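# Survey of secondary and tertiary structure
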Amino acid sequence: MALALCLLVISLREHVLWTLGLCLFCVASFSPALTPVECRLESTGVARRALLGWERRPWAGLRRVVDLPSGVFVSPYPRRHWLDAQRGLSLPMPAAERAVLAAEIRRRVAQHDV
């Protein structure tokens, strides 16, 4: 998709700097799917390291755990909320261990009276 968008931008035949900038923007928009991610279950909460560093969410601040095809999503809101995308955290997991890890996250969230 990123390559197709870059080809579309190139086909517009704009100035070289505009074309380069737009292509970089197109590729960067797919960076969450293209960069490796490391997740941790810590004593204080969950953490995810991506391209720009670590994001952490404390156990006491989590209210909801949602199963995803690729892992789980943790959110500080008890129900779907319009700020989920900004304040929640998606934790990708290997398929073989997904059930065990998701159960452990649920157990730790439940321990904090959420």
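Structural data are supplied above this passage.
All of the points below concern the structure found in this document. Just so you know, these numbers come straight off a predicted model, no measurement behind them.

Within the open sheet, the three strands sit side by side as 1-2-3. Their pairing is antiparallel. With partners counted over all chains shown, the strands left at the sheet margins are strand 1 (38-41) and strand 3 (53-58), one partner each. Recorded for the sheet is a direction-independent mean angle of 15° between the axes of neighbouring strands. Of the strand pairs in this sheet, strand 1 and strand 2 (residues 45-50) are connected by four bridges, and their pairing is antiparallel. Each bridged residue has a counterpart across the sheet, and for L41 the counterpart in strand 2 is V46.

With that settled, the discussion passes to the pattern of salt bridges. Scanning the model with the defined rule gives nine salt bridges in all. The partner of E42 in a salt bridge is R56, and the shortest N-O contact between them spans 3.5 Å. You can see E42 sitting in the loop between strand 1 and strand 2 and its partner R56 sitting in strand 3, a full 14 residues away along the chain. Measuring nitrogen to oxygen at the nearest pair gives 2.3 Å for the salt bridge that ties D84 to R64. Of this pair, D84 sits in helix 4 (residues 84-87) while R64 sits in strand 4 (residues 64-68), and the two are 20 residues apart along the sequence. Ionic contacts of the salt-bridge type, sharing partners, join the residues E38, R40 and R49 into one network.

The next thing to look at is the layout of surface pockets. There is about 250 Å³ of room inside the largest pocket. Around the largest pocket, the lining residues are S31, P32, T35, V37, R48, A50, L51, L52, G53, E55 and P92. Listed by contribution, the elements that provide at least two residues to the lining of the largest pocket are helix 3 (31-34), strand 2 and strand 3. Taken together, the residues of the lining of the largest pocket sort by class into six nonpolar, three polar and two charged.

For the rest of this paragraph, the subject is the packing of helix 1 (residues 2-11) against helix 2 (residues 16-29). Contact geometry for helix 1 and helix 2: axes closest at 9 Å, N-to-C directions at 160°. Relative to helix 2, the element helix 1 lies roughly antiparallel. The two elements helix 1 and helix 2 meet at a crossing, and its hand is right-handed. Contacts from A2, L5, C6, V9 and I10 of helix 1 reach helix 2 at T19, L22, C23, C26 and V27. Broken down by class, the residue content of the contact of helix 1 with helix 2 amounts to nine nonpolar, one polar and no charged.

What counts, and where the lines are drawn
- Residues numbered from 1 in each chain as written.
- Predicted model: local features only at pLDDT ≥ 70, side-chain atom pairs only at ≥ 80, totals over all residues.
- Heavy atoms only, no water.
- Pairing = 2+ DSSP bridges.
- Helix = DSSP H or I, 4+ residues; strand = E, 2+ residues; numbered from the N terminus.
- Axes fitted to C-alpha atoms, helices over the stretch in contact; angles between N-to-C directions.
- Salt bridge = Lys/Arg side-chain N within 4 Å of Asp/Glu carboxyl O.
- 1 Å grid on protein atoms, 1.4 Å probe; cavity = no way out; pocket = protein on both sides within 12 Å on 5 of 7 lines; lining within 4 Å.
- Points joined across faces, edges and corners; volume = space filled by probe spheres on them.
- Nonpolar A, V, L, I, M, F, W, Y, C, P; charged D, E, K, R; others polar.
- Parallel < 35°, antiparallel > 145°, perpendicular 65-115°, else oblique.
- Left-handed = near helix turned anticlockwise from the far one by under 90°.
- Contact = heavy atoms within 4.5 Å.

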